[in-house]
Amino acid sequence: MDMDSTMNTIEQGALEVVTPEELKSKLEKDERTAYIGYEPSGKVHLGHAITVKKMIDLQKAGFKIKILLADLHAYLNGKGSLEEIKKISEYNQRCFRALGLSEDTEFILGSSFQTGEDYTMKVYQLALSTTLTRAKRSMAQITRDAEDHQVAEVIYPLMQVVDMLFLEVDLAVGGMEQRKIHMLARDNLPKLGFQSPVCIHTPLLHGTDGSDKMSSSKENFIAIDDEPALITEKIKKSYCPAGEVDGNPVLEIAHHFIFSERETLLIKRPEKFGGNLELTQTELEQMYGDGELHPLDLKNGVAECLADILEPVRDFLKN
């Protein structure tokens, strides 16, 4: 691909690239690395899949992909014992491969390098130049709600910054909840004598209950290995107010996972209710916003198509 095509591939679906000029500079390197970190803490769901799709775009653009399975981060965030988290890490790795990452993707367990002397010293050095207020603010959207916060919450973002240094990252990817930590990295890595990474931020998928973020801890998710009947059940229960397009999780699922794969969505309806419809994304959102499409018809169409799209993922994990 030429530079413009490569930039378009990387930028499509992203909310922000910090900065496009730096990204172009990275693309001129013979070897370049993109990374994302995931806390192993339950089912891999559609919220994760949005960022995995972006990693696949970067892979196509010639980036070496490193996936950090951040077991120590999950431990600091109260997601279980290290033994429990490591078992979930193995499941997570299979899921990420099932979503289409290539065989040369490198999966790295955080605890394999985060307890080393050099790593720990870099965390101490970063702590000297980071205020308590900024560290807490960086973690605010990621940590669990609590009245009395743990010291672990301010260690977490410092470790994430040092991760980028040790993994030799040119580019970091994350949802918008990661933005403050990424900006902490961009501001502070040069103080340690290292170059700032380019940062790409993807949208957060609303939970099926309409909350701001799909999360395994909130039980408001669709897992990538859910069976069709369970997908249908979850989507039928999803928040989907009639006539509302913005913030509608069912329409978001259609946008990110159906219309990224297919030109149209088939909505099956009895003849007495107008018969079947085959709609582009623009037509679907127009009809739904105008109140011409019933929420249940939308849900049924999205559930059936999503289950079909995820069939290769389910097959990969079963085999």
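Above this text you will find the structure in question.
First, a word on scope: everything that follows refers to the structure included in this document.

**What about the overall build of the protein chain?**
Then, in step 1: Looking only at helices and strands, the protein chain has 14 helices and eight strands in total.
Then, in step 2: Here the protein chain has a C-alpha radius of gyration of 21 Å; the compact-globule value for 319 residues is 20 Å, and the two agree.
Then, in step 3: Projected onto the principal axes, the alpha-carbon positions of the protein chain cover approximately 70 × 50 × 40 Å.
Then, in step 4: In the protein chain, buried positions account for 52% of the 319 residues.
Then, in step 5: Put simply, 72% of the contacts in the protein chain that link residues at least 6 apart link residues at least 24 apart.
Then, in step 6: Carbon and sulfur atoms make up 48% of the accessible area of the protein chain, which amounts to about 15,400 Å² in all.
Then, in step 7: The positive charge centre, built from 36 side chains, and the negative charge centre, built from 52, are 3 Å apart in the protein chain.

**Some remarks on the layout of surface pockets**
Empty space left among the atoms is revealed by rolling a probe the size of a water molecule over them.
Then, in step 1: If you add up the space inside the second largest pocket, you get close to 660 Å³.
Then, in step 2: Along the wall of the second largest pocket there are 27 residues; nearest its centre are Lys53, His256, Phe257, Ser260 and Glu261.
Then, in step 3: When contributions to the lining of the second largest pocket are tallied by element, the ones reaching two or more residues are helix H3 (46-60), helix H11 (249-258) and helix H14 (311-318).
Then, in step 4: By residue number, the principal contributor to the lining of the second largest pocket is H3, which donates nine residues.

**A few points about the packing of aromatic side chains**
Then, in step 1: What the rule picks out here adds up to four aromatic pairs.
Then, in step 2: Plain terms: the ring middles of Phe113 and Tyr119 are 5.6 Å apart, the flat faces sit at 75° to each other, and that makes the pair edge-to-face.
Then, in step 3: For Tyr119, a relative accessible area of 2% translates into the label buried.
Then, in step 4: Arranged with centres 6.3 Å apart and planes meeting at 15°, the rings of Phe113 and Phe166 form a pair that is stacked. Of this pair, Phe113 sits in the loop between strand E4 (106-109) and helix H6 (117-128) while Phe166 is found in helix H8 (residues 152-166), placing the two residues 53 residues apart along the sequence.
Then, in step 5: Phe113 gets classed as buried once you look at its relative accessible area, which sits at 16%.
Then, in step 6: Chaining the aromatic ring pairs together yields one cluster made of Phe113, Tyr119 and Phe166.
Then, in step 7: Residue placement shows Arg32 over the ring face of Phe63; its charged tip is 5.3 Å from the ring centre.

**With respect to the environment of Ile88**
Then, in step 1: Position of Ile88 among the secondary structure elements: in helix H5 (residues 82-98).
Then, in step 2: The exposure class assigned to Ile88 is partly exposed, which follows from its relative accessible area of 23%.
Then, in step 3: Separated by 155 residues in the primary sequence, Ile88 and Gly243 place their C-alpha atoms 39 Å from one another.
Then, in step 4: Those residues in contact with Ile88, other than ones at most four positions away along the chain, are Pro40, Ser41 and Gly42.

**What to know about helix H1 (residues 3-11)**
Then, in step 1: Every buried residue of H1 is listed here: Thr6, Met7, Thr9 and Ile10. Along the axis of H1, the buried residues cluster in a sector spanning 160°; they form a single face. Projecting away from the buried face of H1 at angles above 90 degrees are the exposed residues Asp4 and Asn8.
Then, in step 2: In this fold, the buried residues of H1 make contact with helix H2 (20-27), H3 and strand E6 (198-202).
Then, in step 3: For H1, the side-chain oxygen to backbone nitrogen distance between the N-cap and Asp4 is 3.3 Å, and the N-cap itself is Asp2.

**Describing unusual backbone geometry**
Then, in step 1: Geometrically, the link from Val18 to Thr19 is a cis peptide bond, its omega value of -5° lying close to zero.
Then, in step 2: Its identity as a non-glycine residue notwithstanding, Glu168 has a phi of 55°, on the positive side.
Then, in step 3: Note on placement: Glu168 falls in the loop between H8 and strand E5 (171-175).
Then, in step 4: Here Glu168 falls in the exposed class, since its relative accessible area comes to 61%.
Then, in step 5: You will see that Glu219, though not glycine, has its phi angle at about 55°, which is positive.
Then, in step 6: Structurally, Glu219 is set in the loop between E6 and helix H10 (228-236).
Then, in step 7: Among the residues examined, Glu219 registers a relative accessible area of 63% and is labelled exposed.

**Structural notes on empty space enclosed by the protein**
Then, in step 1: As enumerated under the stated definition, the model contains one cavity of 30 Å³ or more in all.
Then, in step 2: The computed volume of the largest cavity comes to approximately 50 Å³.
Then, in step 3: Lining the largest cavity we find Tyr38, Glu39, Ser41, Gly42, Lys43, Val44, His48, Asn92, Phe96 and Ser216.
Then, in step 4: Along the lines of polarity and charge, the residues of the lining of the largest cavity split into three nonpolar, five polar and two charged.

**Things to note about the sheet that holds strand E2 (residues 33-38)**
Sheets are built from strands paired through backbone hydrogen bonds, the pairs being either parallel or antiparallel.
Then, in step 1: Taken in spatial order, the six strands make up an open sheet running E1-E6-E5-E2-E3-E4, and their pairing is mixed. Unpaired on one side and paired on the other, strand E1 (16-18) and E4 mark the two borders of the sheet. Averaged over all pairs of adjacent strands, the angle between strand axes in this sheet comes to 20°, irrespective of strand direction.
Then, in step 2: As paired strands, E1 and E6 are joined by three bridges and run antiparallel to one another. The partner of Val17 across the bridge, within E6, is Ile200.
Then, in step 3: Against the sheet, helix H9 (residues 179-188) engages E1, E5 and E6, with an angle of about 175° to E6.

The rules behind these values
Residues numbered from 1 in each chain as written. Predicted model: local features only at pLDDT ≥ 70, side-chain atom pairs only at ≥ 80, totals over all residues. Heavy atoms only, no water. Helix = DSSP H or I, 4+ residues; strand = E, 2+ residues; numbered from the N terminus. Rg over C-alpha atoms; globule rule 2.2 N^0.38 Å. Buried < 20%, exposed > 50% of the residue type's maximum accessible area, 1.4 Å probe, protein only. Contact = heavy atoms within 4.5 Å. Areas by Shrake-Rupley, 256 points an atom, 1.4 Å probe, with all protein chains shown as cover. Lys, Arg positive; Asp, Glu negative; His and termini not counted. Charge placed at Lys NZ, Arg CZ, Asp CG, Glu CD. 1 Å grid on protein atoms, 1.4 Å probe; cavity = no way out; pocket = protein on both sides within 12 Å on 5 of 7 lines; lining within 4 Å. Points joined across faces, edges and corners; volume = space filled by probe spheres on them. Phe/Tyr/Trp six-rings, centres within 6.5 Å; stacked < 30°, edge-to-face > 60°. Lys NZ or Arg CZ within 6 Å of the ring centre and 35° of its normal. Arc of directions from axis to C-beta. Polar contact = N/O pair within 3.5 Å; in protein donor to acceptor, adjacent residues only side chain to side chain. Nonpolar A, V, L, I, M, F, W, Y, C, P; charged D, E, K, R; others polar. Pairing = 2+ DSSP bridges. Axes fitted to C-alpha atoms, helices over the stretch in contact; angles between N-to-C directions.

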